[in-house]
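# An overview of the molecular structure
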Amino acid sequence: MTDSKVRQRRSQGEDVPPSKEPAQALSRIDADDRYSPWLDVARVMTFLLLASCGLSYVISGGESWAWGVRHKPNFLRPDWWRAQMSWPVYMTLEELSAYDGRDPTKPLYLGINGTIYDVSNGRHMYGPGASYHAFAGHDSARAFVTTCIEEDNNPDLRGVEQMFLPLDNPEIDAHWSAADMAKLRADELEAAYERAYLALKNWADFFANSKKYHRVGYIKMDNDWLEKQPVKKLCAKAQKGRAKRQIQR
């Protein structure tokens, strides 16, 4: 409607509808007066609190909702990043012993058959006071085969095949001639070596394929290190597990 028509209606005494814009403007002003920013602040703070608790729970592996992490995950440890940048590391057995978990500033390492793994994520198993703490800071290849954790906590595998050899049984052994018995014993020894190899390989593969533990390097050994060590006797537990030879049916 043009201005001339509005003036014409007013001159003729007609009413012009009042504008709605002032009323709408007043309603917006009232809404602005009633709005409080603290509600949004409370919402944001609540979200951040819940997000922080959830993140703490995930990062700590379920250990804490409030960042009370006693053992930080790998990616939060400077020493872990240093190990990644200097991979692979090479340590002597003496150097490896410093990573047995007693020093909380250092990661937790164990060795198996010359390879070193970081098992910090398994402190409940390999940390001080845990069931398998004897493995920490050592190459325990022999113990992984014989299961004599305390006695065989070393990498010397000589003689472990004996635990898979049958004991002589004079009454049964009399069924073979001397030549046949010699061949039988040779076959038994070959099978024993294979079983010892597979027993160690089973554990070596476990650590190599683990997503929880990761390889950090290798153990430095002198070429003649075995010659410097006396051949160890089979531990009592492994010896007790041997059975007498039986006739194969």
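- An unreviewed UniProt entry lists the protein under the name Cytochrome b5-like heme/Steroid binding domain-containing protein, with Hirsutella rhossiliensis as the source organism.
- UniProt lists a comment for the protein under the heading Sequence similarities (unreviewed entry), and it reads "Belongs to the cytochrome b5 family. MAPR subfamily."

## As for the nonpolar core
- Ranked by size, the top nonpolar core spans 25 residues in total, and within it Val119, Tyr126 and Phe207 carry the most contacts.
- Those elements that provide at least two residues to this core are β2 (109-112), α7 (141-146) and α9 (178-208).
- Residue contacts for Val119: discarding those within four places in its chain leaves Leu108, Tyr109, Leu110, Tyr126, Phe207 and Tyr213.
- Formed by eight residues, the second largest nonpolar core is a distinct cluster that contains Val89, Tyr99, Tyr109 and Val216.

## Looking at a nonpolar patch on the surface
- A contiguous nonpolar surface patch, about 680 Å² in accessible area, is contributed by Trp38, Val41, Val44, Met45, Phe47 and Leu48.
- The topology assignment puts Trp38 in helix α3 (residues 38-59).
- For Trp38, a relative accessible area of 65% translates into the label exposed.

## Here we look at the packing of aromatic side chains
- Under the defined criterion, the tally for this structure stands at 13 aromatic pairs.
- Arranged with centres 6.0 Å apart and planes meeting at 75 degrees, the rings of Tyr126 and Tyr213 form a pair that is edge-to-face. Pair noted here: Tyr126 is in helix α6 (residues 123-126) and Tyr213 is in the loop between α9 and β4 (214-219), with a separation of 87 residues, a long-range link. The pair formed by Tyr126 and Tyr213 is uniform in burial state, with each residue classed as buried.
- With a centroid separation of 5.9 Å and 35 degrees between ring planes, the pair formed by Phe207 and Tyr213 is classed as tilted.

## Brief notes about the side chain of Ser140
- Within the secondary structure, Ser140 sits in the loop between α6 and α7.
- A polar side-chain atom of Ser140 sits 2.3 Å from a polar atom in the side chain of Asn153.
- With sequence-adjacent residues up to four places away left out, Ser140 is seen in contact with Gly111, Ala134, Phe135, Asn153 and Asn154.

## Details of the sheet that holds strand β3 (residues 115-118)
- Strand order in the open sheet formed by four strands is β1-β4-β3-β2, with mixed pairing between adjacent strands. Bordering the open sheet on either side are β1 (89-91) and β2, each of which pairs with just one other strand. Strand-to-strand, the axes of this sheet are offset by a mean angle of 35 degrees, without reference to chain direction.
- Here β1 pairs with β4 via three bridges, running parallel. From the neighbouring strand, Met91 faces β4, where its bridge partner is Ile219.
- Strand contacts of α9: β2 and β3, with the helix running at about 140 degrees to β2, the strand carrying the most contacts.

## Some words on the pattern of salt bridges
- In this structure the tally under the stated criterion is eleven salt bridges.
- Close ionic contact of Asp152 with Arg142 constitutes a salt bridge, the shortest N to O distance being 3.3 Å. Placement of the pair is Asp152 in the loop between α7 and α8 (170-173) and Arg142 in helix α7, with a sequence separation of ten residues.
- Among the residues examined, Asp152 registers a relative accessible area of 3% and is labelled buried.
- Since its relative accessible area comes to 0%, Arg142 is described here as buried.
- The structure contains a network of salt bridges with shared partners spanning Asp168, Asp173, Arg185, Glu188 and Arg245.

Calculation rules
Residues numbered from 1 in each chain as written. Predicted model: local features only at pLDDT ≥ 70, side-chain atom pairs only at ≥ 80, totals over all residues. Heavy atoms only, no water. UniProt positions renumbered as here; feature names shortened; annotations may be inferred. Core = buried A, V, L, I, M, F, W, Y, C linked by side-chain atoms within 4.5 Å. Buried < 20%, exposed > 50% of the residue type's maximum accessible area, 1.4 Å probe, protein only. Helix = DSSP H or I, 4+ residues; strand = E, 2+ residues; numbered from the N terminus. Contact = heavy atoms within 4.5 Å. Patch = residues over 30% accessible without salt bridge, like charges linked within 9 Å, V, L, I, M, F, W, Y side chains within 5 Å. Areas by Shrake-Rupley, 256 points an atom, 1.4 Å probe, with all protein chains shown as cover. Salt bridge = Lys/Arg side-chain N within 4 Å of Asp/Glu carboxyl O. Phe/Tyr/Trp six-rings, centres within 6.5 Å; stacked < 30°, edge-to-face > 60°. Polar contact = N/O pair within 3.5 Å; in protein donor to acceptor, adjacent residues only side chain to side chain. Pairing = 2+ DSSP bridges. Axes fitted to C-alpha atoms, helices over the stretch in contact; angles between N-to-C directions.

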